[in-house]
Amino acid sequence: MSEMQSGHIEAREVSIDLGNGKENFRAIDRVSFNIASGEFICLLGPSGCGKSTLLGALAGHIPLAEGCLTLDGKAIIGPSSERGLVFQQHTLFPWKKVVDNVAFGLKMKGIATRERHARANELLKLVGLSGFENKYPVQLSGGMQQRVEIARVLINQPRVLLMDEPFGALDAQTRWVMQQLLLQVWAHIRTTVVFVTHDIDEAIFLADRVLVMSHCPGRIREEMVIPAERARGEQWVTSDAFMHLKRDCLDLMREEHRLGHGAETASELAQQFAGAFI
Amino acid sequence: MSNVYMSQERSQERDLKLTASDATAETGSTAPGKSENRRRWRISPGRLIVRLISLVIFVSFWQFAAEHRLNLALITFQSIPAPSEVLPALWNLLQSPKVGSHIGNSLYRVFAGFFSAALAGILLGMMIGRSRWAADLLQPPLEMLRPIPGVAWIPLAILMFPSSELSMIFITFMGALFPILLNTVHGVGGIDARLTATARSLGAGRLRLLTEVILPGAAPSIVTGLSIGMGTSWFCLVTAEMIAGQYGIGYYTWESYNLQRYADIVVGMLFIGVFGMGSSVLLRKCGDLLIPWYQIKGARKP
């Protein structure tokens, strides 16, 4: 799991249109950014600002209207196992046991059962799910299901891990545990992560850099570098620096809310389409 | 995928849901949910006794009515054999050398018709469920044939096939085809689009998508279709045998009527019931073994 290929993402003047015919509107407007390989990026913004849409484009599920989106210099066209995607609601195959869910990507590559199970068990251990190999997804709790989901994506050794509010449906306690787990896993597997969230604390806790997005059409409004050392824990979320960053973010979001007030209908539309992008 | 397509898909699914339940109503054999099934078996001894008493009362009344040749104006028991006559007749048939070929012939026809229907139904169902092009091409003629009950095919089937054996198998096939086909289409249509998107993201190609996601995802619905189809194919077979058969349980029942061996009619009916239900139950059990994940509490959506 050590030698990851690069995972450098570049977005140049990316615009995305959603909706058909009369309902067509611009969800993302001329967005540009660079993500270094191995960087942990959070896309932060209010509901309906287009952050999920942007993630969908990175996954290759949503076509661009204009601009260009590349991974390691190659344009992103269509989904691929080198860009692993994790949703808010798990998408585990209910008919496959946990170990077979995790090993799915390897099965698609034609790797023999014994080897893929060995590697799946390794990853399950990494996400703290040893002993659950032979359960079915429905027998697991929400947090466990997301652990399996993360393991299943990581087995493909993706260059980029795309996460769409992966802990949004979990209770606060479980979410906190999962955020810490994600950082532990990421410490082992230094892949590029693009993590979408509307939770300010989550973004500041996890990211190297937070891209704060604005409403309608979606743009990147502000970029915040999170200076904290890695191996972050409780000290970080209770530190003054954290509080300071959080205050800045809240200010930005409040202003955003005020500005975006007139555009509420459009933002609702954006939300609706972002949910139906696949 | 555009939104328009999604909503179209959804309405198509709703249509099929309707037609699938139509098929269920037609045969009168509903497929109860698993939980209901379990509840039915887990009954207290007190209720079991009540049920046994009910059965005894039913048989006693039958015996009484047949023995006294009861005439209730609307219904008459004058020529109806009593249970006490049916039992010896059953014993006779079980000992006769013909019993094997009656049962064997019927089983062969049902399984030949049923399995070809299963094969055709699942294949066509997957195609229609997965490809809009296949749906447009295949659905119109199938929709035209769907409301015609299998039994209505009997005269035409006799004309269409040189051997009466084949015509009976064909009728059995027609009986089972539509429940299987519709449930397969319904099952395929009901698969969460996020699952197929995920599978593609994880590196699944078109063929792998079919075998790893579409088929297992539709399996519970397909098993339901197979079990309903099994019921309809027995129903169609028995009727076909009455008209075109030489051997077989349906033929035996009808022959008994013609020869005025009334007790044997009831024996034939009992055989039909036992084998029809037996093969449906067997099929459901086998199907359940194929979808162990579906048996877990909470596995199905509310």
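Notes on the overall build of chain A
Logical step 1: Counting secondary structure elements, chain A contains 10 helices and 10 strands.
Logical step 2: For 278 residues, the compact-globule estimate of 2.2 N^0.38 gives 19 Å, and chain A sits close to it at 19 Å.
Logical step 3: In terms of its C-alpha atoms, chain A occupies a principal-axis envelope of roughly 55 × 45 × 35 Å.
Logical step 4: Within chain A, buried positions represent 45% of all 278 residues.
Logical step 5: Considering only residue pairs separated by 6 or more positions, chain A has 72% of its internal contacts joining residues 24 or more positions apart.

Examining the overall build of chain B
Logical step 1: Helix and strand counts for chain B stand at 12 helices and 0 strands.
Logical step 2: Secondary structure elements of chain B, listed N to C terminal, follow the sequence α-α-α-α-α-α-α-α-α-α-α-α.
Logical step 3: In chain B, which comprises 302 residues, the share counted as buried stands at 36%.
Logical step 4: In chain B, once contacts between residues fewer than 6 apart in sequence are set aside, the share between residues at least 24 apart is 72%.

Some words on the interface of chain B and chain A
Logical step 1: Contact with chain B, which involves 23 residues of that partner, is made by 21 residues of chain A.
Logical step 2: Looking at the side of chain B that touches chain A, the elements that each hand over two or more residues are helix H1 (3-27), helix H9 (193-201) and helix H10 (206-244) of chain B.
Logical step 3: Considering each element in turn, the side of chain B that touches chain A owes the most residues, 7 residues, to H9(B).

Here's the deal with the domain arrangement of chain A
All names here are of chain A.
Logical step 1: Structurally, chain A comprises domain 1 (9-82 + 160-275) and domain 2 (91-157).
Logical step 2: Tallying the contact residues gives 13 residues for domain 1 and 11 residues for domain 2.
Logical step 3: Element by element, the count of residues in the side of domain 1 that touches domain 2 is highest for helix H6 (residues 172-188), at 6 residues.

Describing the packing of helix H5 (residues 99-130) of chain B against helix H11 (residues 249-258) of chain B
Residues and elements named next belong to chain B.
Logical step 1: Where H5 meets H11, the axes come as close as 7 Å, and the angle between the chain directions of the two elements is 130°. Relative to H11, the element H5 is oriented oblique. Residue-level contacts link His102, Ile103 and Ser106 of H5 to Ile249, Gly250 and Tyr252 of H11.

Things to note about the domain arrangement of chain B
Residue and element names in this part refer to chain B.
Logical step 1: Taken as a whole, chain B is organised into domain 1 (33-80) and domain 2 (83-295).
Logical step 2: On a C-alpha basis, the centres of domain 1 and domain 2 stand 29 Å from each other.
Logical step 3: Every contact between the two is made by 5 residues of domain 1 and, on the other side, 4 residues of domain 2.
Logical step 4: With 3 residues, the single largest contributor to the side of domain 1 that touches domain 2 is helix H3 (residues 45-67).
Logical step 5: Here the side of domain 1 that touches domain 2 is built from residues that sort into 2 nonpolar, 2 polar and 1 charged.

Observations concerning the nonpolar core
Among soluble globular proteins, nonpolar side chains are generally buried collectively.
Residues and elements named next belong to chain A.
Logical step 1: Core analysis: the largest hydrophobic core is formed by 78 residues, its most contacted members being Ile41, Leu43, Val102 and Val194.
Logical step 2: Looking at this core element by element, the count peaks at 6 residues for helix H5 (residues 142-154).
Logical step 3: Aside from chain neighbours lying at most four places away, what touches Val194 is Ile35, Ile41, Leu43, Leu55, Leu58, Val160 and Leu162.

Brief notes about the sheet that holds strand E6 (residues 83-86) of chain A
Residue and element names in this part refer to chain A.
Logical step 1: On the basis of which strands lie adjacent, the open sheet formed by 6 strands has the order E6-E7-E8-E3-E9-E10 and mixed pairing. Looking at which strands have only one partner, the edges of the open sheet turn out to be E6 and strand E10 (219-225). Adjacent strand axes in the sheet meet at a mean angle of 20°, parallel and antiparallel pairs treated alike.
Logical step 2: As defined by bridge partners, strand E7 (residues 160-164) adjoins strand E8 (residues 192-197) across 5 bridges and the pair is classed as parallel. Bridging across to E8, Leu162 finds its partner in Val194.

Observations concerning the sheet that holds strand E1 (residues 9-18) of chain A
Logical step 1: Read from one edge of the open sheet, 4 strands run E2-E1-E4-E5 (chain A), paired in antiparallel fashion. The two strands at the open ends of the sheet, each matched to only one other strand, are strand E2 (25-35) and strand E5 (74-75) of chain A.

With respect to the environment of Glu165(B)
Logical step 1: By the secondary structure assignment, Glu165(B) is in helix H8 (residues 164-189).
Logical step 2: In this structure the C-alpha to C-alpha distance between Glu165(B) and Ile296(B), which are 131 residues apart in sequence, comes to 43 Å.

Here's the deal with the confidence of the model for chain A
Logical step 1: The share of residues in chain A with pLDDT of 70 or more is 91%, and the mean pLDDT across the chain is 85.
Logical step 2: When mean pLDDT is compared element by element in chain A, helix H2 (residues 98-102) of chain A scores highest at 94, while helix H10 (residues 264-275) of chain A scores lowest at 53.

Details of unusual backbone geometry
All names here are of chain B.
Logical step 1: Phi is positive for Ala73, which is not a glycine, with a value near 65°.
Logical step 2: Along the polypeptide, Ala73 turns up in the loop between H3 and helix H4 (83-95).
Logical step 3: One non-glycine residue, Gln260, lies in the positive phi region at around 60°.
Logical step 4: Among the secondary structure elements, Gln260 is positioned in the loop between H11 and helix H12 (262-290).
Logical step 5: The class of Gln260 is exposed, set by 9 C-beta atoms lying within 10 Å.

Some points on helix H1 (residues 51-59) of chain A
All names here are of chain A.
Logical step 1: Summarising burial for H1: 9 of the 9 residues are buried, a large majority.
Logical step 2: Among the residues of H1, Lys51, Ser52, Thr53, Leu54, Leu55, Gly56, Ala57, Leu58 and Ala59 are the ones counted as buried.
Logical step 3: Taken from the residues just after H1, Gly60 is the one with a positive phi, measuring 95°.

A short note on the packing of H9(B) against H10(B)
Residues and elements named next belong to chain B.
Logical step 1: Between H9 and H10, the shortest axis-to-axis distance is 10 Å and the interhelical angle comes to 160°. What the angle tells us is that H9 and H10 run roughly antiparallel. Judged by the twist between their axes, the crossing of H9 over H10 is right-handed. Residues Leu195, Thr196, Ala199 and Arg200 of H9 form the contact with H10, whose participating residues are Leu209, Glu212, Val213 and Gly217.
Logical step 2: Residues belonging to the contact of H9 with H10 are distributed by class as follows: 4 nonpolar, 2 polar and 2 charged.

Structural notes on the confidence of the model for chain B
Residues and elements named next belong to chain B.
Logical step 1: On average, residues of chain B score 83 in pLDDT, and 84% of them are at 70 or above.
Logical step 2: Contacts for the low-pLDDT stretch residues 1-39, under 50 throughout, to residues beyond four places or in other chains number 38 contacts.
Logical step 3: As a predicted assembly, this complex carries a pTM of 0.77 together with an ipTM value of 0.77.

Cut-offs and rules
- Residues numbered from 1 in each chain as written.
- Chains lettered and ligands numbered in written order.
- Predicted model: local features only at pLDDT ≥ 70, side-chain atom pairs only at ≥ 80, totals over all residues.
- Helix = DSSP H or I, 4+ residues; strand = E, 2+ residues; numbered from the N terminus.
- Rg over C-alpha atoms; globule rule 2.2 N^0.38 Å.
- Buried ≥ 20, exposed ≤ 12 C-beta atoms within 10 Å, placed from the backbone.
- Contact = placed C-beta atoms within 7 Å.
- Domains from an automatic or database assignment.
- Axes fitted to C-alpha atoms, helices over the stretch in contact; angles between N-to-C directions.
- Parallel < 35°, antiparallel > 145°, perpendicular 65-115°, else oblique.
- Nonpolar A, V, L, I, M, F, W, Y, C, P; charged D, E, K, R; others polar.
- Core = buried A, V, L, I, M, F, W, Y, C linked by C-beta atoms within 7 Å.
- Pairing = 2+ DSSP bridges.
- pLDDT = per-residue confidence, 0-100.
- Left-handed = near helix turned anticlockwise from the far one by under 90°.

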